[in-house]
Amino acid sequence: MEILKNPYRGQTDALAGLADIPYPSEDAETAVQLTEKRPNAAATPLMTQDSLADSCEVGTVWIKDERNRMGLGSFKALGAAYVIAHDAAEGDVGDVTYVTASAGNHGMSVAAGAADYGARAVVYIAETVPEAFAERLRSKGAEVVREGAVYEDSMAAAAKAAEDNGWKLLSDSSWPGYTERPHRLMEGYLVLMQEVIEAMPRAPNHIFLQAGVGGLAGAAAALARKAWGDEPIITVVEPKAAPCLKESIAAGEMVTTSGPVSKMGRLDCKEASLIALKGLARDADFFATISEAEGFAGDELAAGVGLKSTPSGAAGLAALMSSAAHREALGLDEHSSVLLILSEGSE
């Protein structure tokens, strides 16, 4: 594992080129109220895991288990479907087509949200996405279109389809000129963090947040700072093959990274969401990258205590267990209370 201390912690508008980009929402009340009205709404478990604490040589490990969120298998059930629920609260969406690209859980959230409120969902997937996932999307009523060799190709195709057909593009990332829907989507993720805040007896000393484009990490960090101030040390975790947030922080501006395909597929994002990047530049203390082997080791450790996930879902745990060389820098010791998010179930 490698770490970078964030030189912008606590600063506002510190990164170049993001002045017009909004910070992540902190409106957990609105997110909770609307989410409670959705089908299958229920809080997910928050638990302590003594054997993981022993393995990682810390005092307490808290696990927020998102593997069965709303029956969709991941925290992303709170995202795109929340945007559609918000649209439906403002008017009928029966004639609306939502289009997106996905390699996993985001597409399921779009499909489920559209089905819940009578809208249409079209999900573009790359040629490499397994047919089993395409069938899961179809089972939720989505139309599936294969386009391109990689995710970026399918995203470009989805954006073109939205423009050509007057459909609503619903991405979980943000870029210049496209911030309103991803901002709302990230607001949905506040629900899981609000559940944590209400359930924990006191603030943790540390929070490890895995990140792809950074939506979950950005939302969770923003609400953690609102509730607990400076107390938790927040570390953002990415694959070494896709360090888009860490490298952008190092450069002081948004940069696009390149590298091999990571087996931590949900986190294999070469370009960050600008909303998440802006928020994490203010709110995160450290940015860490983990190797493929470390990611798999974290997943195996979780499975060994009955928390079967994926290298992506258990990446926060992987970083904690791989932190031996950085414990002093991170402020970790045998008394530390650590919060982790198990973000998805096994594939």
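Figured I'd write up the structure that's included with this text. (Residues numbered from 1 in each chain as written. Predicted model: local features only at pLDDT ≥ 70, side-chain atom pairs only at ≥ 80, totals over all residues. Heavy atoms only, no water.)

**Some details on the environment of Asp-54**
- Assignment of secondary structure puts Asp-54 in helix α2 (residues 50-55).
- Separated by 23 residues in the primary sequence, Asp-54 and Ala-31 have C-alpha atoms spaced 35 Å apart. (Helix = DSSP H or I, 4+ residues; strand = E, 2+ residues; numbered from the N terminus.)

**Things to note about the nonpolar core**
- Residues Leu-137, Met-193, Trp-228 and Leu-245 are the most contacted members of the largest nonpolar core, which totals 76 residues.
- It is helix α7 (residues 180-199) that provides the largest number of residues to this core, a total of nine residues.
- Excluding residues within four positions of it along the chain, Leu-245 makes contact with Ala-211, Gly-212, Val-213, Gly-214, Val-236, Glu-238, Ala-272, Leu-277, Leu-280 and Phe-287.
- In terms of nonpolar packing, the next biggest core, distinct from the first, is built from 28 residues, Phe-208, Val-237, Ala-319 and Leu-342 among them. (Core = buried A, V, L, I, M, F, W, Y, C linked by side-chain atoms within 4.5 Å. Buried < 20%, exposed > 50% of the residue type's maximum accessible area, 1.4 Å probe, protein only. Contact = heavy atoms within 4.5 Å.)

**Structural notes on the pattern of salt bridges**
- A full pass over the atoms with the stated rule returns 22 salt bridges.
- Its salt-bridge partner being Glu-344, residue Arg-266 comes within 2.9 Å of it at the nearest N-O pair. Of the two residues, Arg-266 sits in the loop between α9 (244-251) and α10 (274-283) while Glu-344 sits in the segment after β11 (337-342), which places them 78 residues apart along the sequence.
- Owing to a relative accessible area of 28%, Arg-266 belongs among the partly exposed residues under this scheme.
- A salt bridge links Asp-283 to Arg-282; the shortest N-O distance between them is 2.9 Å.
- With a relative accessible area of 3%, Asp-283 lands in the buried category.
- One network of salt bridges, with partners in common, ties together Arg-9, Arg-225, Asp-230 and Asp-285. (Salt bridge = Lys/Arg side-chain N within 4 Å of Asp/Glu carboxyl O.)

**Focus on the sheet that holds β11**
- Taken together, the seven strands give an open sheet; going across it, the order is β1-β10-β9-β8-β11-β3-β2, and neighbouring strands pair in mixed fashion. If you trace the sheet from one side to the other, it starts and ends with β1 (2-5) and β2 (46-48), each paired once. Strand after strand, the sheet turns through a mean of 25° between neighbouring axes, direction not considered.
- Across four bridges, β1 lies against strand β10 (residues 286-290) in antiparallel orientation. Residue pairing in the sheet places Glu-2 in a bridge with Thr-289 of β10.
- Along the sheet face, α9 touches β1, β9 (233-239) and β10 and points at about 40° away from the line of β1. (Pairing = 2+ DSSP bridges. Axes fitted to C-alpha atoms, helices over the stretch in contact; angles between N-to-C directions.)

**Describing the pairing of β9**
- Most of β9 is tucked away: six of the seven residues are buried.
- The pairing of strand β8 (residues 206-210) with β9 spans five bridges and is classified as parallel. Residue pairing across strands places Phe-208 opposite Thr-235, the latter belonging to β9.
- Where the polypeptide runs from β8 across helix α8 (residues 215-228) and back to β9, its parallel neighbour, the crossover connection is right-handed.
- As defined by bridge partners, β9 adjoins β10 across five bridges and the pair is classed as parallel. Looking at β10, one finds that Glu-238 is bridged to Thr-289. (Right-handed = clockwise from strand over helix to strand, strands pointing away.)

**Here's the deal with unusual backbone geometry**
- Positive phi, close to 65°, is recorded for Asn-40, a residue that is not glycine.
- Mapped onto the elements, Asn-40 comes out in the loop between α1 (28-35) and β2.
- The exposure class assigned to Asn-40 is exposed, which follows from its relative accessible area of 60%.
- The backbone of Met-70 sits at a positive phi, close to 55°, despite the residue not being glycine.
- Structurally, Met-70 can be placed in the loop between β3 (60-65) and α3 (80-90).
- For Met-70, a relative accessible area of 9% translates into the label buried.

**Some thoughts on the environment of Lys-226**
- Looking at where Lys-226 falls in the secondary structure, it is placed in helix α8.
- In this structure the C-alpha to C-alpha distance between Lys-226 and Ala-53, which are 173 residues apart in sequence, comes to 27 Å.
- At 3.3 Å, the side chain of Lys-226 forms a polar contact with the backbone oxygen of Glu-26. (Polar contact = N/O pair within 3.5 Å; in protein donor to acceptor, adjacent residues only side chain to side chain.)

**Describing the packing of α1 against α3**
- Put simply, α1 and α3 touch, their axes get as near as 10 Å, and they point 80° apart. On the basis of their axis angle, the class for α1 and α3 is roughly perpendicular. When α1 is examined against α3, the residues Thr-30, Ala-31, Leu-34 and Thr-35 are found in contact with a partner set consisting of Tyr-82, Ala-85 and His-86.
- Of the residues in the contact of α1 with α3, the class split is four nonpolar, three polar and no charged. (Parallel < 35°, antiparallel > 145°, perpendicular 65-115°, else oblique. Nonpolar A, V, L, I, M, F, W, Y, C, P; charged D, E, K, R; others polar.)

By themselves, these figures tell us nothing about what the structure is for.
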